[in-house]
Amino acid sequence: MAHHIIVRNPEVTRTCTRCKQTLPISIFPTHKDRRARCRPCWREIRRDKYIKTNTPEERSKMAAFNREWHHRNLENGKCRVCSQARMEYGQYCETHYIQQAARLNIGKCSLEDVEILKKKFEDQGRKCFYTGEPITLGMNSSMDHILPISKFPEQRRNLQNVVWTTRNFNWFKRDFTMDELLFLCQSVINYFNR
Ligand SMILES: [Zn+2]
Ligand SMILES: [Zn+2]
């Protein structure tokens, strides 16, 4: 059966109005007021603003305060973001681990998004979507895009396209689509059973 993939946003690249670079759409914020500039440009804008509105003394005071706060949380076995108890692996509570991991994989991640990803993890029975191996968050957990974002950049922020896998399996899957993956696995099986 052929799968029909509805591509809602056919735009794959965009030219940033600030740095004039043409970049993958996943590098741009989704909010309509921000999407004209790329994320690295927004980071520079925020940093410039921070430097302009705070004196060097204020900045070093804030940095020292943050460092101290994170350090104290880590020393006391707490999450470095919210100071709740942290998971067995890593430096975060479950919520902030998922949020940090999602920020790397899908971009901005609200606490509602975290709840969706948590529910997904439970619905998968805390197992790898592809292999059924048990997953421990922060230890061997990884987030995978079923439709790989290198081929479907508009699917980066679609949580329905995200599943939990083991780190090993995600590494193995690379940017294969489901069809490519199954074809490869079947080829190995066929060849070794010949
Ligand atoms: Zn830019
Ligand atoms: Zn936390």
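None of these values were measured; they are calculated from a predicted model. (Residues numbered from 1 in each chain as written. Chains lettered and ligands numbered in written order. Predicted model: local features only at pLDDT ≥ 70, side-chain atom pairs only at ≥ 80, totals over all residues.)

Visitor: For this particular structure, what's the right way to read the domain arrangement of the protein chain?
Guide: Interface size is often expressed as the accessible area that is lost when the parts come together. Looking at the protein chain, the domain boundaries give domain 1 (10–53) and domain 2 (111–194). Taken over C-alpha atoms, the centre of domain 1 sits 29 Å from the centre of domain 2. Taken together, the residues of the side of domain 1 that touches domain 2 break down into three nonpolar, two polar and no charged. (Domains from an automatic or database assignment. Nonpolar A, V, L, I, M, F, W, Y, C, P; charged D, E, K, R; others polar.)

Visitor: I would appreciate a short explanation of the nonpolar core in the present structure.
Guide: In globular proteins that are soluble, nonpolar side chains generally tend to be buried together. The biggest cluster of nonpolar side chains holds 15 residues, and the ones touching the most others in it are Y97, I98, A101, A102, I106, L117 and W164. For this core, the element with the most residues is helix α3 (residues 94–106), which contributes five residues. Among residues more than four places away in sequence, those in contact with A102 are C109, D113, V114, L117 and M143. (Core = buried A, V, L, I, M, F, W, Y, C linked by C-beta atoms within 7 Å. Buried ≥ 20, exposed ≤ 12 C-beta atoms within 10 Å, placed from the backbone. Helix = DSSP H or I, 4+ residues; strand = E, 2+ residues; numbered from the N terminus. Contact = placed C-beta atoms within 7 Å.)

Visitor: Please clarify how the packing of α3 against helix α4 (residues 111–123) should be interpreted in this entry.
Guide: A pair of packed helices is characterised by two quantities: the angle between their axes and the separation of those axes. Where α3 meets α4, the closest approach of the two axes is 9 Å, and the angle between their N-to-C directions is 100°. Our classification of the angle between α3 and α4 gives roughly perpendicular. Across the interface between the two elements, T95, I98, Q99 and A102 of α3 pack against D113, V114, L117 and K118 of α4. Residues that form the contact of α3 with α4 fall into these classes: four nonpolar, two polar and two charged. (Axes fitted to C-alpha atoms, helices over the stretch in contact; angles between N-to-C directions. Parallel < 35°, antiparallel > 145°, perpendicular 65-115°, else oblique.)

Visitor: Before we go on, may I ask you to explain the environment of F65 in this structure?
Guide: Within the element layout of this structure, F65 appears in helix α2 (residues 56–75). The exposure class assigned to F65 is exposed, which follows from the 10 C-beta atoms found within 10 Å. Residues F65 and Q186, 121 residues apart in the sequence, show an inter-C-alpha distance of 55 Å.

Visitor: Explain the pairing of strand β4 (residues 162–166) here, please?
Guide: Of all five residues in β4, five are buried; the element is thus mostly enclosed. The alternating pattern of β4 places V162, W164 and T166 and V163 and T165 on opposite faces, both of which are buried. Of the pairings in the sheet, the one linking strand β3 (residues 141–145) to β4 comprises five bridges and is antiparallel in character. Counted as the bridge partner of M143 is W164 from β4. (Pairing = 2+ DSSP bridges.)

Visitor: Could you clarify how one ought to interpret helix α1 (residues 39–53) in this entry?
Guide: In an α-helix there are 3.6 residues to a turn, and that puts residues three or four apart on one side. With 15 residues, α1 extends 21 Å between its outermost C-alpha atoms, agreeing within 8% with the 21 Å of an ideal straight helix rising 1.5 Å per residue. By the criterion of burial, α1 is predominantly exposed, with just zero of the 15 residues buried. (Expected span 1.5 Å × (residues − 1).)

Visitor: So what exactly am I meant to see when it comes to α3 here?
Guide: Taking 1.5 Å as the rise per residue, α3 with 13 residues should run 18 Å; its terminal C-alpha atoms sit 17 Å apart, in good agreement. All of the buried residues in α3 are H96, Y97, I98, Q99, A101, A102 and I106. Just past α3, the residue G107 takes up positive phi, approximately 95°.

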